[in-house]
Structures are given as structure tokens and as C-alpha cells.
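Observations on chain architecture
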Amino acid sequence: MAGLDADAPLFAQVAERLAAEIADGGVAEGERVPSSNELAAYYRINPATAAKGINVLADEGLLEKRRGIGMFVASGARLLLLERRRNRFAERYVQPMVAEAERLGIAAGELIDMVRAASHAQDGLIQEGLAL
Amino acid sequence: MTAAISVAGLTRRYRGHRALDDVTVDVEAGSITGLLGRNGAGKTTLMRIVAGQEFASSGSVRVFGASPVENDQVLRRMIFIREDQAYPDVKVGHALRVASWLHPNWNGEVADRLLADFGLPESRAIKKLSRGMRSALGIVIGLAARAEVTMFDEPYAGLDAVARQVFYEWLLAEYVAHPRTLLLSTHLIDEAAGLLERVVVIAAGRVVLDAAADDLRGAATRVSGPALAVDEFTAGRPVWERRRLGSQESVVVAGPLARESSVRT
Amino acid sequence: MSTWINVVRYHLVSRVNYLVLPWGWLAFAFAVDIVIFAFIPVGHHVVPTARGIVQVQDDSGRYAGGMGAIVLVFFAMGVQSVARSLPFALALGVSRRSYYTGTALLAVTLAVGYGLVLAALQAMERATGGWWLATHIFRVPYILDGPWYLTWLTSSVTLALLFAYGMWFGIVYRRWSLPGMLAFIAVQVAILLAAALLITWSHAWPGTGHFFVTLSAAGLTGLLAAATAALLAGGYATVRRATV
């Protein structure tokens, strides 16, 4: 299984990776996503599992089926995913950061300064075309 | 679900002990099912009985709705490749020819490409093959036959890790190209896990688990860290294994952990 | 039906095992016999006549055992046809019944074919006066002594008998391994002993002897054919529950 781990159901991981690809713009709206057979061959998993992952996204309206051709990224999918990530952002990134800072004895003020500094650095990188 | 293989109350008694004890399991048509278990658990016995090579003491076996025992019609649609398959005193190419006569779906092109991928020479006498090569031969025959019910019993004995990956990739490719019912027994759980749709676990001749592969992932979780934190975190869950070293602890608990909870300190 | 044919093809897929080796053995045994008898002078016996002692060549010729080789080979082929070849056939999805029937078909075909060749060789032997050495390799007194078609029939039946016997041994080995084979032999010996005892008790030895002496070659062939059928039936019954 190229890159999938044993922590969560495989179909869920497949769905998540596809979603991440859509959110990051790796595959654009209206573009075809890999078929379940292609995903199965790539990840070396059962085609039914791959199909399940695709169906999860299709059920959420992120993919649409075009008969005889395949699955395509639905319009508005990227925005939908980014919004979802936004909602989770605080929980996923901010809370752990705050907790770790507390453990290390970094005061809130210092933490905010660090965030600002990092933000400037990121802008600088973007300007130089080196952003992540 | 249409069951390609249907086993009910199957028991196999040998002198003194039960190799299989009241086994009931269905294998869905057009799926990949894994038969897992330790050595001696009864996997091979089960498959041999399903293939009509061994006889049950009691219970029933149905393949495509009919008993496979001495039933040419049903047996023709099956192939069973064993880890210790005994071959006649012929060459590799001969064995493939015979298999092609007896299997209507035989695909010679697939056989040729498999031979090339495994580096198996057609003109070599089978009795001169190494263990790994014999396993490769079994895999070539088992896959190229494209039998509706294809059973593999630990088919990779002697194959190195690379050859095993070749096998898994071919298995998937062939399964996609020509869907069939695949029953694969293995103790290399990690490697085969992704391929399986369904998992049947056998221990001491009994079926102890029969579930969709995805349901099993997340059926247990290992939590490690400072002992106090771990204990608090996993409170109230059944613990299946506990290991301690100093102030650290590693625990295996039942059930998955919600995504959010994995983020707490 | 087609399965039987496929079983025959299966056995013959490697020509060597059933179509080349037996001839090899026969040729080897033949050559050995010829070489031996080429060096042994033809026997003479002395006949006193009115004019003095005369040396007369034994015209009955010498008998060699070359045929024994092919007979043993057929037994060995019978054993191999089951012991080595059954497991793969079962793996490929052939029922035991079909496998046995197909193999028996092979046995008959081989026996008839080889029997014909033996009959031809016997004719050649006669024509050359015992290979120019007054040696009888393909002629067995009383049994293989008559017209060519009788030779063909008798040798075919004998070869089939041995193949069937070998098959049964092979099946017994598959089912019960070495202990089984030994038991199998022991049972046969026991039956023979029991038969001998029975004949002795009923004072039937003269009767038995008379029966065999007055039996024609054709009659003997019939007996052998019956024995072959019995062996085939025995093998069939045993193979039904054989496992690999």
C-alpha cells in the first residue's frame, strides 16, 4: 500500500487524499480524477475499497459522475473543501500550538509575536516566489 | 450477496483432534477474501476440503451451489494452488500446457508475461526448481487460469519481498482485468491487508472473526506515552495489551479513537 | 469424455516418460541379451547313430529374459501414473473418477500399441532364426508362441495387467504411504497363502494343476484379462477417497 497506513479505514484515507489534492489545486474543477481501478493499482489495494473512497466524495457532492467517462471534480468542490479545512484549522493547528507553548512556558504575547514573525517570513518567501 | 463458496457446520476430525470445528463461512462471488491464521490453525484443511481434495467429517460445502466433491462440472471452474504443490516429472512449459487444456479461461499471454516477470524458464524441469521458483510457477498457473474460483494457500513460500510485490500487483491487475472469486490464505497480514475486501480469521479450527477488512481497521488502537496520561485517556475502554517501562506505557485498546481526541496533550 | 482425453494428453505431455523410456529399456535389455548370447556357443547334444556319434545342434534355441524388462517398466509406469501425477491433476480440477478412467484409457492404449510392436518383433525374430543366434527373446514358450495376433493379444493384456497393478499400488501409496503399501503386499500374500491352504485341504491340487495344464493360450489370456479387470476395479474403489 503505497503511502497508506494502518490507522484508519483505507477507503477513508483514499477519500482524504483525493480531497487534499482537490483542495490544493492539484486537480482542477471539471478535471477527471483517477478511476477506482487506477487508484487500486497505485495504492495496491482492492478496487472495491478505492471505489468506496470515491463514493464518499461523490456523496458529499465533491465529485460528479459522467456516464461512461468517469468521475470529475464538481464545481465549487475546492471552495467547499477549503471552508471545511478552515473550520478545522483552530482545532487542528491552533489548539496544539497553544498547548505546547503552555508546556514550554511561552507566554501568550510571545506566542503572538512568533506567529507574526512567521507570517512575515512567509510573505517574504511568497514575494520571492519560494512559498510553500 | 451471492456466495461463490458456502461452508456450513464443517468439521474435520483426525485421529484425536479436530482440524476444523463447526466452520460456517460464505465467500462472496467476485471478491478478494483473506483467510488468516497461525500455522496449523486449519486454513489449509479448509481450502483443501473446498477444493474437493480432502473429505469433511461432517457439515457441507457448496461451490456455485453444488458440492465440489468428485464433481467435474464444478471442479473445472476452480483452481487451487498450494504452497507444497506436487508436480509430475515434467518441465515448466509442460505444466502450463496441461493447465491450459483443463481451464477454458486460460490466458497464454498473461502466463508468458508472468513467466518473464518471475524469471521462470519454460524449459527447466520442475523438480530442479528452487522453492521460490516453484511458488512462482504455482502463481503463474493460478493467475493465468482465470478460474472463477481461484484459491491460493500461502503461495509465496520462498519468494523474496520484491517477488511478493510482483505477485500482489499481478493479482490486482488480473482481478481487475478478469474479475473472479479469490480466496487467499496468508500469515503475512501487513502485506496483503490492502488487497482484501473481507477477512476470515481461523484459530484452532474455528472461525473467530469474519468481517469486512475496513471494519477491522480501527478495531483496536495503540496509545503510548506517559503512563498517567495514557491511563486517563483510555479510561473505560477494554484493554487488550498493556506494556510498561518506567513512567512510559503502551496500551492496546478496543475501538478507534476519534480524530479530534488524537490532538490533546 | 473430453476430460478423459485431456488426462491421457496430460500423461503424454512429456513424451519421454511413457513413449521413450520403455523403448529405451527394451532396447537396452535386448542389446544385453544379444551380447551375452553372441558369446555363448549354441548348445549341442550327442546322438549315437548306426554310423557313430553325431553332434546335433539343439534346435530349441536359447531363451533370454529381455521381455522381463518391458513388463517391469509397465508396472513402474502404472505406479508413476498415480503416485507422481495425481496431485497436480486434482489441483487443476479433475475428479478422481475422471482421472482414473483417463489413466486406464492410457494404459490400454499403451498396452495395445506396445503389444503390437512386440508381436512384430517376435515375427522378425522368427524370420531371422532367433536374431541369427538361435535366441528367443520375444518368444515365451506356450504363452507367446502362436500366431502374431494371439501374441499381440496376450502381450497387450499382460502389459495392461501390470500397468493396472502398478496403478493400484500407486493409489495405495497415495492413501496410506509406505505402511499402506506393506500392508497391501501382506494382504496379497495372505490371500495367496489362504488359497493354497484351501486347495491343500480340499485335496484339489491335482485338479488345479490339470486346469492350468489344459488351459490354452487363449484361455490363459482370458484369465489375465479377468485379472486386469479385477485390478482396475480395485484401484477404482481405492482412488475414490484418495487425498493428496
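Residues numbered from 1 in each chain as written. Chains lettered and ligands numbered in written order. Predicted model: local features only at pLDDT ≥ 70, side-chain atom pairs only at ≥ 80, totals over all residues.

Right, let's get into the overall build of chain A. A tally of regular secondary structure across chain A gives five helices and two strands. Structurally, chain A occupies a C-alpha span of about 55 × 35 × 25 Å along its principal axes. The proportion of buried residues among the 132 residues of chain A is 22%. Sequence separation of at least 24 residues holds for 60% of the intrachain contacts in chain A that already meet a minimum separation of 6. (Helix = DSSP H or I, 4+ residues; strand = E, 2+ residues; numbered from the N terminus. Buried ≥ 20, exposed ≤ 12 C-beta atoms within 10 Å, placed from the backbone. Contact = placed C-beta atoms within 7 Å.)

This part covers the overall build of chain B. Secondary structure summary: chain B contains nine helices and 12 strands in total. Seen through its principal axes, chain B has C-alpha atoms that stretch 65 × 40 × 35 Å. Sorting the 265 residues of chain B into buried and exposed places 42% on the buried side. Considering only intrachain contacts with a sequence separation of at least 6, the fraction spanning at least 24 residues in chain B is 64%.

A few words on the sheet that holds strand β10 (residues 220-226) of chain B. All names here are of chain B. Taken together, three strands build an open sheet; the order of strands is β10-β12-β11 and the sheet is antiparallel. One side of each edge strand has no neighbouring strand; the edge strands of this open sheet are β10 and β11 (239-245). Averaged over neighbouring strand pairs, the angle between their axes works out to 10° when direction is ignored. Sheet topology note: the β10/strand β12 (residues 248-254) ladder contains seven bridges and is antiparallel. Directly across from Thr 221, in β12, lies its bridge partner Val 253. (Pairing = 2+ DSSP bridges. Axes fitted to C-alpha atoms, helices over the stretch in contact; angles between N-to-C directions.)

Before going further, it helps to examine the interface of chain B and chain C. Contacts between the two partners involve 26 residues from chain B, matched on the other side by 23 residues from chain C. The element best represented in the side of chain B that touches chain C is helix α3 (residues 92-102) of chain B, accounting for six residues. Its residues assigned to classes, the side of chain B that touches chain C shows 14 nonpolar, four polar and eight charged. (Nonpolar A, V, L, I, M, F, W, Y, C, P; charged D, E, K, R; others polar.)

Across chain A, pLDDT averages 87, with 96% of residues at or above 70. Taking the mean pLDDT of every element in chain A, the minimum, 87, falls on helix α5 (residues 108-127) of chain A and the maximum, 93, on helix α3 (residues 47-59) of chain A. (pLDDT = per-residue confidence, 0-100.)

For the rest of this paragraph, the subject is the domain arrangement of chain A. The domain architecture assigned to chain A consists of domain 1 (10-75) and domain 2 (89-127). Relative placement of domain 1 of chain A and domain 2 of chain A: their C-alpha centres are 34 Å apart. (Domains from an automatic or database assignment.)

Across the two pairs of chains that are in contact, the largest number of contacts falls between chains B and C. One thing to see here is that chain A and chain C don't touch, and their nearest C-alpha atoms sit 26 Å from each other.

Time to look at the domain arrangement of chain B. According to the domain assignment, chain B consists of domain 1 (3-85 + 147-216) and domain 2 (220-263). On a C-alpha basis, the centres of domain 1 of chain B and domain 2 of chain B stand 35 Å from each other.

Between chain B and chain A, the residue contacts involve 16 residues of the former and 23 residues of the latter. Ranked by residues supplied to the side of chain B that touches chain A, first place goes to helix α6 (residues 161-177) of chain B with five residues. A breakdown of the residues in the side of chain B that touches chain A according to their chemical character gives eight nonpolar, three polar and five charged.

This next bit is on the pairing of strand β1 (residues 3-13) of chain B. Residues and elements named next belong to chain B. Relative to strand β2 (residues 18-28), β1 is paired through seven bridges, and the arrangement is antiparallel. Considered in β2, the bridge of Ala 3 is made with Glu 28. Following β1, the chain reverses through four residues before pairing antiparallel with β2; Gly 16 in that reversal takes a positive phi of roughly 90°.

Residues and elements named next belong to chain B. Reading across from one edge, β5-β6-β7-β3-β8-β9 is the order of the six strands in this open sheet, with mixed pairing throughout. The sheet terminates laterally at β5 (78-81) and β9 (206-212), the two strands that pair on one side only. When the angles between neighbouring strand axes are averaged without regard to direction, this sheet yields 15°. Of the pairings in the sheet, the one linking strand β8 (residues 198-203) to β9 comprises six bridges and is antiparallel in character. For Ile 202, the partnering residue across the bridge sits in β9 and is Val 207. Against the sheet, helix α5 (residues 131-144) engages β5 and β6 (149-153), with an angle of about 170° to β5.

A separate point is the nonpolar core. Counting 141 residues, the largest nonpolar core has Val 50, Ala 95 and Val 140 of chain B together with Phe 163 and Ala 164 of chain C as the members making the most contacts within it. What Phe 163 of chain C contacts, discounting residues up to four positions off in sequence, is Phe 74, Met 77, Gly 78, Ala 107 and Ala 111 of chain C. (Core = buried A, V, L, I, M, F, W, Y, C linked by C-beta atoms within 7 Å.)

What follows covers the packing of helix α4 (residues 108-118) of chain B against α5 of chain B. All names here are of chain B. The interhelical angle for the contact between α4 and α5, taken along N-to-C directions, is 155°, at an axis separation of 9 Å. It follows that α4 is roughly antiparallel to α5 by the angle criterion. Judged by the sense of rotation from one axis to the other, the crossing of α4 with α5 is right-handed. Across the interface between the two elements, Val 110, Ala 111, Leu 114, Leu 115 and Phe 118 of α4 pack against Ala 136, Val 140, Leu 143 and Ala 144 of α5. (Parallel < 35°, antiparallel > 145°, perpendicular 65-115°, else oblique. Left-handed = near helix turned anticlockwise from the far one by under 90°.)

Residues and elements named next belong to chain B. With respect to burial, strand β7 (residues 181-186) is a largely interior element, six of its six residues being buried. Here β7 shows two buried faces, one formed by Thr 181, Leu 183 and Ser 185 and the other by Leu 182, Leu 184 and Thr 186. By the bridge criterion, five bridges tie strand β3 (residues 32-36) to β7 in an arrangement that is parallel. What sits directly across from Thr 33, in β7, is Leu 183. A crossover connection joins β6 to the parallel β7 through α6; in handedness this β-α-β unit is right-handed. (Right-handed = clockwise from strand over helix to strand, strands pointing away.)

Attention shifts here to the environment of Phe 74 of chain C. Residues and elements named next belong to chain C. Tracing the chain through its elements places Phe 74 in helix α3 (residues 66-83). Under the C-beta neighbour-count criterion, Phe 74 is labelled buried, with 25 such atoms within 10 Å. For the pair Phe 74 and Thr 154, spaced 80 residues apart in sequence, the C-alpha separation works out to 15 Å. The contacts of Phe 74, once residues within four sequence positions are left out, are Leu 159, Leu 162, Phe 163 and Gly 166.

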